[in-house]
Amino acid sequence: MYCGKELLKIVKLFNVGEAELRDGRLFLRRYPSCLDKFLSPDGADMGKQSTGCEIRFVKTEKGRVRVNLSVENEGSHVLVYRGDRLDSGYPISHNCSIIINDNPCDSVKNPDFFNADNFSKDVIRLVIQGGYVAVDSIETYGRKIRPPHNDEEPQKTILAYGSSITHGARSGNTQLTYASFAGQLLGAQVMNKGLAGSCLCENEIADYFAENIKYDAFIFELGTNMYSYCLSKNYDIEATADFIKKRGEYMLSKMLDKNPDKPIFLITPLRPHTKYDSSFDYETIENVIVKMQESIERNSCFIIKAEEIQPTTSVVTTDLIHPSPEGHAIMGFKLAELIRKHL
C-alpha cells in the first residue's frame, strides 16, 4: 500500500497547485497555499478546493487496484475516466474506496478505434468534482502501477482563468465546461484555474501563472467578477474600467514577457444579461478590454468578444449568467473554432 509522498512515485497529479501532506494524507489544492494571503477570502477558499484536480496512473498488470479518498468538511464526488472515456462515478461523503478493475476498453480488438483519442485508453484518470479532497492511500495488491508517459497524454495544455463560468458552475462536470469542451476538440488538456465569484486578477496570480505553469495557450476571461466587485464597492464606471485595465494589463504583460510565443485568448465579460440592462455600462468595460488587446505590440494576443461564443442568450440558465450544460457545449464548440488556427 502506498500513502503520503510515496504516492507521487506511482501517480501523476494534474491541475494540482500543491499536494499538502497532513496526517499522512495528501490533500490536493488547485492553488498553492502561499497565494491565500493575496486573494479575497472567497478566492482563497476556491483555490483550496480540489475541483478539477486529477490523479492519473497506468496499471502495468491486470487485476484490481483500490484508491482511498477522503474529503474535508463537505461532500464531493469523483469521476473515473479510462483515457478520454467516462467509466464510473463515486460519491465522497467523508471517505470512499474506488475499485479500479481491468479496462472494459480492452475488449476492443481493432486499435484503430482509439486513433482519434487525446489520451491513451490505459491512462486511468480520477477527476475530482469538488470539496477539499485527500488521497489517503492506494492499494495495489502487489501489482505495479506507474505515472503516464508523455506520449499517453495530450501534447498540448491550455491554461484557463476566469469567473465561475470558466470554473464550471452549472456545467455538471468539470469535463463539461466550455474550456474543457474546447480543449477536447483541439486535442489539448485543460488546466482550469477559474475562481468562482473571485476572479479578481491579482498581480500575484499573474506572477504564479507566468513563473510556474507550462502551457501552450491561455484562455483569459477578463472582467466578469471584477465588474461585480467594483459595483459592490460603489465604484463609478471610470474607476471600474481603470481597475480592470490595470490588473488585466499586468496579467497580459507578465504572461507575454515570459511566454511571448504562447497565444492568449482574451474573452470579454460573459454577462449577457448586463448588455440588456440600461443601468449597467457594459459597452465601456468591453471597449477598455478591446483597446487593451489592441495596444499590445504582440501578435499572440487575440480578442474574443462574448457574443462570438455566446451567440444567443439561451445559453445561460435562469440565473441569467451561468451557462447550462448545453450552453457550455455551444460555447466550447464556438471557442474551438475561433482559436484552432492559432494553436
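Refer to the preceding data block for the structure.
Treat the numbers as computed from the prediction; the structure is a model and nothing was measured.

Structural notes on the overall build of the protein
- Of the regular secondary structure elements, the protein holds 10 helices and 16 strands.
- Expected size for 343 residues packed as a compact globule is a radius of gyration near 20 Å; at 20 Å, the protein falls within 12% of this value.
- Dimensions along the principal axes, computed over C-alpha positions, put the protein at roughly 65 × 45 × 40 Å.
- When each of the 343 residues of the protein is scored for burial, the buried share is 54%.
- Considering only residue pairs separated by 6 or more positions, the protein has 76% of its internal contacts joining residues 24 or more positions apart.
- Accessible area of the protein: about 14900 Å², with a carbon and sulfur share of 49%.
- If the 41 positive side-chain charges of the protein are averaged to one point and the 46 negative ones to another, these points end up 5 Å apart.

Quick notes on the sheet that holds strand E2 (residues 18–22)
- Taken in spatial order, the five strands make up an open sheet running E2-E3-E10-E5-E8, and their pairing is antiparallel. The sheet terminates laterally at E2 and strand E8 (95–100), the two strands that pair on one side only. Adjacent strand axes in the sheet meet at a mean angle of 30 degrees when their direction is disregarded.
- Pairing of E2 with strand E3 (residues 25–29), which is carried by five bridges, proceeds in the antiparallel orientation. Bridge pairing links leucine 21 to leucine 26 in E3.

Topic: the nonpolar core
- Membership of the largest hydrophobic core comes to 39 residues, with the highest contact counts inside it found for Tyr161, Phe209, Phe218, Phe220, Leu222, Met251 and Met255.
- Going through the elements one at a time, strand E12 (156–161), helix H4 (203–212), strand E14 (217–221), helix H5 (224–232), helix H6 (237–258), strand E15 (264–267) and helix H8 (282–295) are the ones with two or more residues in this core.
- Filtering out sequence-adjacent residues up to four positions away, methionine 255 remains in contact with Leu159, Ala206, Phe209, Ala210, Tyr215, Phe218, Pro260 and Ile264.
- Judged by nonpolar contacts, the second largest core, of 26 residues, contains Ala19, Ile98, Ile124 and Ile138.

With respect to the pairing of E3
- Among the five residues of E3, four are classified as buried, and the element is accordingly described as predominantly covered.
- Linking E2 to E3, which pair antiparallel, is a turn of two residues; within it aspartate 23 sits at a positive phi near 55 degrees.
- Two strands pair when backbone bridges link them, and E3 and strand E10 (residues 132–139) are joined in this way by two bridges, in the antiparallel orientation. Bridge assignment links phenylalanine 27 to a residue of E10, and that residue is alanine 134.

Let's talk about the packing of aromatic side chains
- If you walk through the whole model with that rule in mind, you get 14 aromatic pairs.
- Consider the rings of tyrosine 31 and tyrosine 208, whose centres lie 6.2 Å apart with planes at 40 degrees: the pair is tilted. Here the residue tyrosine 31 occupies a position in the loop between E3 and helix H1 (41–48), and tyrosine 208 occupies one in helix H4, the gap between them amounting to 177 residues. Residues tyrosine 31 and tyrosine 208 agree in their burial class; the two are buried.
- Residues tyrosine 235 and phenylalanine 243 carry aromatic rings whose centres are separated by 6.2 Å and whose planes lie at 75 degrees to one another, so their mutual orientation is edge-to-face.
- Every member of this aromatic cluster is reached through a ring pair, and the members are Tyr31, Tyr161, Tyr208, Phe209, Tyr215, Phe218 and Phe220.
- Cation over ring: arginine 56 sits above phenylalanine 14, and NZ or CZ is 4.2 Å from the ring centre.
- Cation over ring: lysine 193 sits above tyrosine 31, and NZ or CZ is 5.5 Å from the ring centre.

What to know about the environment of lysine 233
- When you line up the elements, lysine 233 lands in the loop between H5 and H6.
- For lysine 233, a relative accessible area of 45% corresponds to the partly exposed category.
- Between the alpha carbons of lysine 233 and histidine 77 there is a distance of 36 Å; along the sequence they are 156 residues apart.

Overview of the sheet that holds E12
- Strand order in this open sheet of five strands is E13-E12-E14-E15-E16, and the pairing throughout is parallel. Looking at which strands have only one partner, the edges of the open sheet turn out to be strand E13 (188–192) and strand E16 (301–304). Going from strand to strand, the sheet's axes swing by 20 degrees on average, the running direction of each strand aside.
- Here E12 runs beside E13; their pairing, made up of five bridges, is parallel. Within E13, the residue paired with threonine 157 across the bridge is glutamine 189.
- On top of the sheet, H8 reaches E15 and E16; it is set at about 160 degrees to E16, its chief contact.

Let's talk about helix H10 (residues 325–339)
- Compared with the 21 Å implied by 1.5 Å per residue over 15 residues, the 21 Å span of H10 between its first and last C-alpha is a close match.
- Three or more residues of H10 are buried, namely Gly327, His328, Ala329, Met331, Gly332, Leu335, Ala336 and Ile339.

Looking at H5
- All of the buried residues in H5 are Thr224, Asn225, Met226, Tyr227 and Cys230.
- Looking one or two places after H5, you find asparagine 234, whose phi comes out positive at around 60 degrees.

Quick notes on the rules
- Throughout, residues of each chain are indexed from 1 in the direction in which the sequence is written.
- Reporting of local features is limited, given that this is a predicted model, to residues whose pLDDT is at least 70; pairs of side-chain atoms are given and counted only at 80 or more, and all residues count toward the totals for whole chains, interfaces and linings.
- Derived side-chain values reflect all non-hydrogen atoms in the structure, with water molecules and hydrogen atoms excluded from consideration.
- Helix and strand labels come from DSSP, where a helix needs a run of H or I of at least four residues and a strand needs a run of E of at least two; each type is numbered from the N terminus.
- Note on method: radius of gyration uses C-alpha positions; expected globular size equals 2.2 Å times residues raised to 0.38.
- Exposure classes here rest on a 1.4 Å probe applied to the protein chains alone. A residue is buried below 20% of its type maximum, exposed above 50%, and partly exposed in between.
- Contact definition: two residues touch when any of their heavy atoms are within 4.5 Å.
- For the area figures, the Shrake-Rupley method with a 1.4 Å probe applies, and any residue is considered shielded solely by the protein chains shown.
- When charges are counted, Lys and Arg contribute as positive and Asp and Glu as negative, whereas His and the chain ends are disregarded.
- For the purpose of locating charges, the reference atoms are NZ of Lys, CZ of Arg, CG of Asp and CD of Glu.
- When DSSP finds two or more bridges between two strands, those strands count as paired.
- Helix axes are fitted to C-alpha atoms over the stretch in contact, other axes to C-alpha atoms as well, and angles between N-to-C directions run from 0 to 180 degrees.
- Only buried residues count toward a nonpolar core. Its members are Ala, Val, Leu, Ile, Met, Phe, Trp, Tyr and Cys residues joined through side-chain atoms within 4.5 Å.
- Think of it this way: a Phe, Tyr or Trp ring, Trp meaning its six-membered ring, pairs with another when their centres are within 6.5 Å, and the plane angle makes it stacked under 30 degrees, edge-to-face over 60, tilted otherwise.
- The criterion for a charge sitting over a ring is simple: Lys NZ or Arg CZ within 6 Å of the ring centre, and within 35 degrees of the ring normal.
- For a helix, the expected span equals 1.5 Å multiplied by the number of residues minus one.

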